[in-house]
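Tertiary structure, described
Listed below, chain by chain, are the residues.
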Amino acid sequence: MIWNSRGSIWHRWDPHIHAPGTLLSDQFGGDWEAYLSAIETAYPPIRGLGITDYLTIETYKQVRKRKLQDGRLKETFCLFPNVEFRLDVKTAAKAINVHLLFSPDDPQHEYEIERILGKLRFEFQDRIYACTPTELIQLGRAFDRKQTDDLGALRTGAQQFKISFSDLQRVFKEDRKWLSNNCLVAVAGSMNDGTAALKDDDAFVALRREIERFADIIFAATPNQRDFWLGKMPNMNRSFIEERYGTLKPCMHGSDAHRVDRVGKPDLERYCWLKGDLSFETLRQAIIEPEDRVWIGSLPPVGPSPSETIGSMRVSDAPWLGTSNLRLNPGLIAIIGARGSGKTALMELLATGANALSATTSQSSFFGRAGKLLDDASVALSWADGATGSAVPLCGDGRWDPEEPSNVSYLSQQFVERLCSASGLATELRKEMERVVFEATAHVDRMECESFNELAEISLHSNRRRREEFEESIGSIGESILKEELSRDQIPALTKNIEATKKQIEASQKEMQALLPKQKDAHAKRLEFLEGLVNGVEGKIQGLRVQRRAMSDLAADVKLTRENREPARFEEMQNEYVASGLSEDDWKAFAMVFRGDVNGIINRALTGIDKSITTFLEGDPLNPLDSAQVSPELLPLNSLKALRDKARQEVGIDTESQKKYDGLQRKITELEGVLKRTEEAKKLAEGAEARRAELVKRRRQQYVEVFESLAEQEQILGALYAPLRKRLEDSDGALGKLAFVVTREVNLKSWAARGEKLIDLRYDSAFRGRGAVEKQATARLLEPWQKGTPEEVAEAMENFRRDLYGEIRKSLPEVQDAVERHRLLQEVATWLHDTSHITMEYGITYEGVTIERLSPGTRGIVLLLLYVAIDIHDRRPLFIDQPEENLDPRSVYKELVPHFREAKRRRQIVVVTHNANLVVNTDADQVIVATSERTADKPLPTMTYDSGSIENPDIRKLICRLLEGGQRAFREREKRYRIAFDEPDLDT
């Protein structure tokens with residue numbers, strides 16, 4: 001027996017192995033040297049050994065003597081007797097085997113075992129024989145008169161001696177106290193000599209079930225048998241096993257060697273591994289923890305990665321530390337102790353060595369209080385894979401390097417308290433949740449990102465940009481609608497201006513006619529005709545020059561687009577989508593080019609315009625016209641002006657009248673230009689209503705598209721959180737109460753506040769008084785905003801506008817200027833369609849309640865579940881300092897214990913705790929007991945740390961003494977498995 005300071009460790013045991021001299025089927029040939037050497041050289045090494053014999057412990061005594069007196073089996077630390085019997089229940093092959101495994105811890109155990117064995121009885125020919133060597137010899141001779149040799153008679157008697165199950169039960173009742181503390185019952189579960197052979201015989205169903213119910217251990221090795229006794233078979237769960245057999249059962253297996261070449265060599269390398277100290281107590285713990293403490297296989301279960309498991313801690317130059325070297329278990333380590341004993345100090349030492357203790361520590365922490373008293377002390381960690389960390393000073397700037405990643409996940413008291421506060425939930429807990437989700441995301445789905453934020457930004461970038469564009473477009477549409485409304489309202493004024501301009505032209509024309517002499521009426525008519533032709537040609541030339549100016553501007557714009565705009569856009573697109581991996585040749589296809597020969601079109605147009613202008617001015621040089629031979633309508637402007645000037649001379653008006661005539665002519669030309677522009681403006685204004693209707697329709701559609709983008713964002717977030725959602729949906733208990741949700745958060749107050757700035761709350765309308773806008777929106781818009789489809793949201797807004805449009809207009813401030821009134825109405829419309837108050841929020845709920853609204857205790861459960869149960873991909877050691885501070889003991893036992901038990905299989909956990917459930921019912925692998933002693937001559941107390949497993953009786957006593965409910969926790973743990981060991985009070 002050996003107590004390991006590292007606590008419970010996996011070791012190979014062989015609980016069923018015979019030795020030379022075994023009473024039945026002895027094939028060793030008395031070769032003790034070969035037998036002992038086979039055990040000593042076995043690989044993997046055998047650390048626990050159950051020396052088996054039939055009805056006696058004689059071979060156990062021989063092996064024990066060779067170990068104690070001859071120094072053999074030095075690497076086998078737990079040697080115990082295994083007494084094998086055959087029940088008087090015969091299977092198709094042979095009798096059922098039952099084994100009594102006895103503890104060697106009692107100094108008088110050999111005497112007690114033989115006393116107990118002597119109480120077992122077998123009846124033959126009306127005589128009752130006891131299970132003692134003397135009476136077994138007598139039984140052998142009574143059965144076979146030819147047996148004259150004592151050894152032969154003993155073996156014959158052992159061959160015939162069978163015990164009844166009822167007799168075995170009787171003995172256990174009579175010696176309950178000693179047997180309950182020193183004996184475990186194992187029954188073979190095989191089809192050969194085990195209870196499985198009775199499964200097809202209905203007459204033995206009840207007896208078989210009682211035998212198996214009575215047994216503590218099943219000697220079996222197949223995976224199916226192990227799964228059955230652990231309640232993992234379909235339709236045969238834990239409740240099924242407990243109902244029929246009392247409790248789950250550990251399956252163990254030995255080599256059952258009867259000859260040297262079979263020693264320590266079970267079939268298929270089905271070695272028996274037990275986790276615990278090398279003491280008989282480990283077998284008892286295996287009964288309580290049949291799944292976590294027993295394994296059948298060539299190697300023990302794979303635990304936390306050695307490269308991510310702290311093997312030991314060494315502290316240098318710390319005279320105040322009584323334990324400068326501490327070896328650590330790879331599983332769950334519980335640090336316990338009285339108040340002020342140095343529990344948190346040890347945690348901070350470990351965190352410092354792992355670069356997890358930030359530069360700023362709480363003043364209530366050990367480092368915060370000790371300060372410079374730590375002097376030159378340093379800490380270094382060694383890892384299970386052999387790597388050794390550098391020594392880290394305990395004080396000064398060197399104890400934490402913010403540039404280096406932490407080797408552990410450290411939940412200090414301050415960190416837990418901060419995350420359990422209302423403010424912490426909005427920031428740090430969200431950050432931690434996202435880290436866990438990112439760790440759970442498969443590498444192939446991470447898109448080369450290094451954090452959840454980066455992945456979310458990439459995933460949501462396009463969606464968010466489209467939403468921004470839609471929202472900006474909705475705002476600009478309001479401006480466009482305003483312009484169309486103002487244009488539409490100008491139609492009456494434009495019509496009036498057209499009529500007035502026409503009248504002005506007519507009046508000027510009459511005034512011109514009045515200046516011409518009446519006696520030269522024919523000449524006057526010709527002059528009027530020529531003036532009209534000159535004005536017409538000049539108008540055409542002006543139009544051509546306007547067209548030429550536009551064409552020149554278009555040419556400049558084309559050049560700017562080619563040389564500046566498109567290269568800049570193309571470069572921006574390449575930078576935006578550099579991750580697309582397109583080749584340079586592929587990217588060429590994305591360059592925007594004009595579809596046709598725009599330069600040719602522009603040049604041809606300019607050439608044509610210039611030719612037309614020249615022709616209108618001077619005529620076609622290739623086909624000159626004689627003004628005396630052709631109609632004036634065909635002449636160029638120069639020729640027309642010459643004819644006009646000649647007509648003016650023929651009319652013969654005086655100089656003063658000529659000046660007036662010329663002025664009126666210029667006026668008419670200007671008025672005709674005004675008339676043309678006004679008529680064009682009117683024509684444009686007459687289409688304003690249709691364009692306005694189209695803009696309103698487009699605004700509604702883009703309002704719908706904003707909510708479609710929100711729905712798409714919800715899908716994207718759902719996909720990002722899929723690993724977490726799947727984990728939660730497949731879980732039971734507290735973990736199953738957690739759910740991931742994506743919701744639209746509507747800041748109704750901010751939306752209403754913007755509206756209240758546009759209206760007058762004093763007017764008698766549905767929006768009178770502060771809060772009226774919010775009230776109306778709550779009744780009509782809130783639910784669609786929160787849960788409606790995009791079309792439902794748009795319809796709700798249309799109904800809101802239609803039903804309350806009159807009330808909105810009544811509430812608007814009085815504005816005399818029509819333009820400003822239109823502008824105000826469009827500002828209201830833009831406000832109504834604003835969506836900046838709607839955001840997508842995501843997070844975790846617990847029983848449907850958001851974590852922000854949970855009590856501190858429930859928040860603590862959620863936080864611990866996040867690290868212990870949800871964060872299954874972080875394999876670094878997890879340090880938790882007093883996680884139960886805000887939790888009631890029942891919550892710890894019911895909600896957290898199962899997840900701590902599961903988590904310790906994949907990562908090393910170190911927890912400082914006062915809660916007995918987090919030590920006992922988690923089946924902690926190592927318990928470190930902190931103590932401190934203060935003396936007047938030293939500034940710091942001397943702190944020491946004793947450690948071991950919970951099967952270590954000294955550690956068990958300290959657990960009961962230091963932790964409230966410790967004794968009860970042990971009893972409840974045993975009760976949970978329906979086991980009641982009759983042991984002395986652990987509190988004493």
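Being a predicted model, the structure only gives us computed values, none of them experimental.

Quick look at the overall build of the chain
- The secondary structure content of the chain amounts to 35 helices and 26 strands.
- Relative to the 2.2 N^0.38 estimate, which gives 30 Å for 988 residues, the radius of gyration of the chain is 49 Å and therefore markedly larger than a compact globule would have.
- Taken along its principal axes, the extent of the C-alpha atoms in the chain is 180 × 70 × 55 Å.
- Of the contacts formed within the chain by residues at least 6 apart in sequence, a portion of 73% connects residues at least 24 apart.

Remarks on the nonpolar core
- If you look at the biggest cluster of nonpolar residues, it comprises 99 residues, and the most contacted ones within it are Leu 738, Trp 751, Trp 785, Val 919, Val 927 and Ile 959.
- For this core, the leading source of residues is helix α32 (residues 856–870), giving ten residues.
- Contact partners of Trp 751, with chain neighbours within four places excluded, come to Val 773, Ala 777, Leu 781, Trp 785, Trp 831, Leu 832, Asp 834 and His 837.
- Of all hydrophobic cores here, the second largest spans 68 residues; its members include Leu 87, Val 89, Val 171 and Ala 215.

A short note on the pattern of salt bridges
- In the structure shown here, the tally under the stated rule is 58 salt bridges.
- With a shortest N-O distance of 3.7 Å, Glu 576 and Arg 465 are connected by a salt bridge. In this pair, Glu 576 sits in helix α19 (residues 521–576) while Arg 465 sits in helix α17 (residues 452–489), placing the two residues 111 residues apart along the sequence.
- With a relative accessible area of 32%, Glu 576 lands in the partly exposed category.
- Sharing partners across several salt bridges, the network here consists of Lys 232, Glu 289, Glu 291, Asp 292, Arg 901, Glu 902 and Arg 905.

Observations regarding unusual backbone geometry
- Look at the link from Tyr 43 to Pro 44: it is a cis peptide, with omega at 0°.
- You can see Pro 44 is positioned in the loop between α1 (32–40) and β2 (46–54).
- With a phi close to 60°, Leu 268 is a non-glycine residue in the positive phi region.
- Following the sequence through the fold, Leu 268 ends up in the loop between β11 (251–252) and β12 (271–276).

Overview of the packing of aromatic side chains
- In total, this model carries 20 aromatic pairs according to the counting rule given.
- Aromatic pair Phe 102 and Trp 178: ring centres 6.2 Å apart, planes at 35°, arrangement tilted. Here Trp 178 lies in helix α7 (residues 176–182) and Phe 102 lies in strand β4 (residues 95–102), a separation of 76 residues in the sequence. Like Phe 102, the residue Trp 178 is buried in the burial classification.
- The structure contains a cluster of three or more aromatic residues connected by ring pairs, namely Trp 751, Phe 767, Trp 785, Phe 800 and Trp 831.
- Arg 446 extends its terminal NZ or CZ atom over the ring of Phe 438, reaching a point 4.5 Å from the ring centre.

With respect to the sheet that holds strand β26 (residues 942–948)
- Taken in spatial order, the six strands line up as β19-β23-β24-β16-β25-β26 in an open sheet, and their pairing is mixed. Only two strands of the sheet have a single neighbouring strand rather than two, namely β19 (409–411) and β26. Mean inter-strand twist for the sheet, computed between neighbouring axes without regard to direction, equals 15°.
- Strand direction decides the pairing type here: strand β16 (residues 332–337) and strand β25 (residues 926–933), joined by five bridges, are parallel.

Notes on the pairing of strand β1 (residues 9–18)
- With nine of ten residues buried, β1 lies mostly within the body of the structure.
- The pairing of β1 with β12 spans five bridges and is classified as antiparallel. Within β12, the residue paired with Trp 13 across the bridge is Cys 272.
- As paired elements, β1 and β2 share five bridges and run parallel to each other. Bridge pairing in β2 links Arg 12 to Ile 46.

Describing helix α3 (residues 109–117)
- Taken residue by residue, α3 has His 109, Glu 112, Ile 113, Ile 116 and Leu 117 as its buried positions. Take α3 and look down its axis: the buried residues cluster within an arc of 135°, on one side only.

Some remarks on the sheet that holds strand β22 (residues 849–850)
- Read across the open sheet, the three strands follow the order β20-β21-β22; overall the sheet is antiparallel. Taken across any chain shown, the strands that pair with only one partner, and hence form the sheet edges, are β20 (738–746) and β22.
- Sheet analysis places β20 next to strand β21 (residues 838–846), joined by nine bridges and oriented antiparallel. Looking across to β21, one finds that Val 746 is bridged to Ile 838.

Some words on the confidence of the model for the chain
- Looking at the chain as a whole, the pLDDT averages 87, with 94% of positions reaching at least 70.
- This stretch, residues 978–988, has a pLDDT under 50; its non-local contacts, to residues over four places away or in other chains, come to 30 contacts.

Some points on the side chain of Thr 441
- Inspection of the secondary structure assignment puts Thr 441 in the loop between α16 (428–440) and α17.
- Residue classification places Thr 441 among the buried residues on the basis of a relative accessible area of 8%.
- Each residue touching Thr 441, except ones within four places of it in the same chain, is listed here: Arg 446, Leu 455, Leu 720 and Pro 723.

Details of the packing of α17 against helix α24 (residues 688–720)
- Between α17 and α24, whose axes approach to 9 Å, the crossing angle comes to 165°. Here α17 is positioned roughly antiparallel relative to α24, judged by the angle of their axes. Along this stretch, α17 crosses α24, giving a crossing that reads as left-handed.
- Across the contact of α17 with α24, the residue classes tally to 17 nonpolar, nine polar and 14 charged.

So, the packing of helix α27 (residues 748–756) against helix α28 (residues 772–780)
- Contact pair α27 / α28: the axes reach a minimum separation of 8 Å and the direction vectors enclose 130°. Judged on the interaxial angle alone, α28 and α27 are oblique. The way α27 lies across α28 gives a crossing that is right-handed. Residues Leu 748, Lys 749, Trp 751, Ala 752 and Glu 756 of α27 lie in contact with α28, whose contacting residues are Val 773, Glu 774, Ala 777 and Thr 778.
- Among the residues making up the contact of α27 with α28, the classes are represented as five nonpolar, one polar and three charged.

Brief notes about the side chain of Glu 112
- Within the element layout of this structure, Glu 112 appears in helix α3.
- Ignoring any residue separated from it by four or fewer positions in sequence, one finds Glu 112 in contact with Asp 106 and Trp 178.

Brief notes about the pairing of strand β6 (residues 127–130)
- Of the strand pairs in this sheet, strand β5 (residues 121–124) and β6 are connected by four bridges, and their pairing is antiparallel. Within β6, the position partnered with Phe 122 by the bridge is Tyr 129.
- With antiparallel pairing between neighbouring strands as the criterion, β5 and β6 make up a hairpin whose turn holds two residues, including Gln 125 at a positive phi of roughly 50°.

A closer look at the environment of Ala 829
- Turning to its location among the elements, Ala 829 is positioned in helix α31 (residues 818–832).
- A relative accessible area of 5% means that Ala 829 is categorised as buried.
- With 634 residues separating them in the primary sequence, Ala 829 and Thr 195 have C-alpha atoms 84 Å apart.

Observations regarding the environment of Glu 210
- Mapped onto the secondary structure, Glu 210 falls in helix α8 (residues 205–214).
- Note: C-alpha distance between Glu 210 and Phe 165 (45 residues apart in sequence) is 9.0 Å.

So, the state of the cysteines
- Here the structure, examined in full by the defined rule, presents zero disulfides.
- Distance from the sulfur of Cys 183, which forms no disulfide, to the nearest cysteine sulfur (Cys 131) is 13 Å.
- Overall, the relative accessible area of 5% leaves Cys 183 in the buried class.

Points about α1
- Taken as a whole, α1 has its buried residues at Trp 32, Tyr 35, Leu 36, Ala 38 and Ile 39. The buried residues of α1 occupy an angular sector of 155° when projected down its axis, which confines them to one face.
- The elements touched by buried residues of α1 are β1, β2 and α2 (58–68).

What counts, and where the lines are drawn
Residues numbered from 1 in each chain as written. Predicted model: local features only at pLDDT ≥ 70, side-chain atom pairs only at ≥ 80, totals over all residues. Heavy atoms only, no water. Helix = DSSP H or I, 4+ residues; strand = E, 2+ residues; numbered from the N terminus. Rg over C-alpha atoms; globule rule 2.2 N^0.38 Å. Contact = heavy atoms within 4.5 Å. Core = buried A, V, L, I, M, F, W, Y, C linked by side-chain atoms within 4.5 Å. Buried < 20%, exposed > 50% of the residue type's maximum accessible area, 1.4 Å probe, protein only. Salt bridge = Lys/Arg side-chain N within 4 Å of Asp/Glu carboxyl O. Phe/Tyr/Trp six-rings, centres within 6.5 Å; stacked < 30°, edge-to-face > 60°. Lys NZ or Arg CZ within 6 Å of the ring centre and 35° of its normal. Pairing = 2+ DSSP bridges. Axes fitted to C-alpha atoms, helices over the stretch in contact; angles between N-to-C directions. Arc of directions from axis to C-beta. pLDDT = per-residue confidence, 0-100. Parallel < 35°, antiparallel > 145°, perpendicular 65-115°, else oblique. Left-handed = near helix turned anticlockwise from the far one by under 90°. Nonpolar A, V, L, I, M, F, W, Y, C, P; charged D, E, K, R; others polar. Disulfide = S-S within 2.5 Å.

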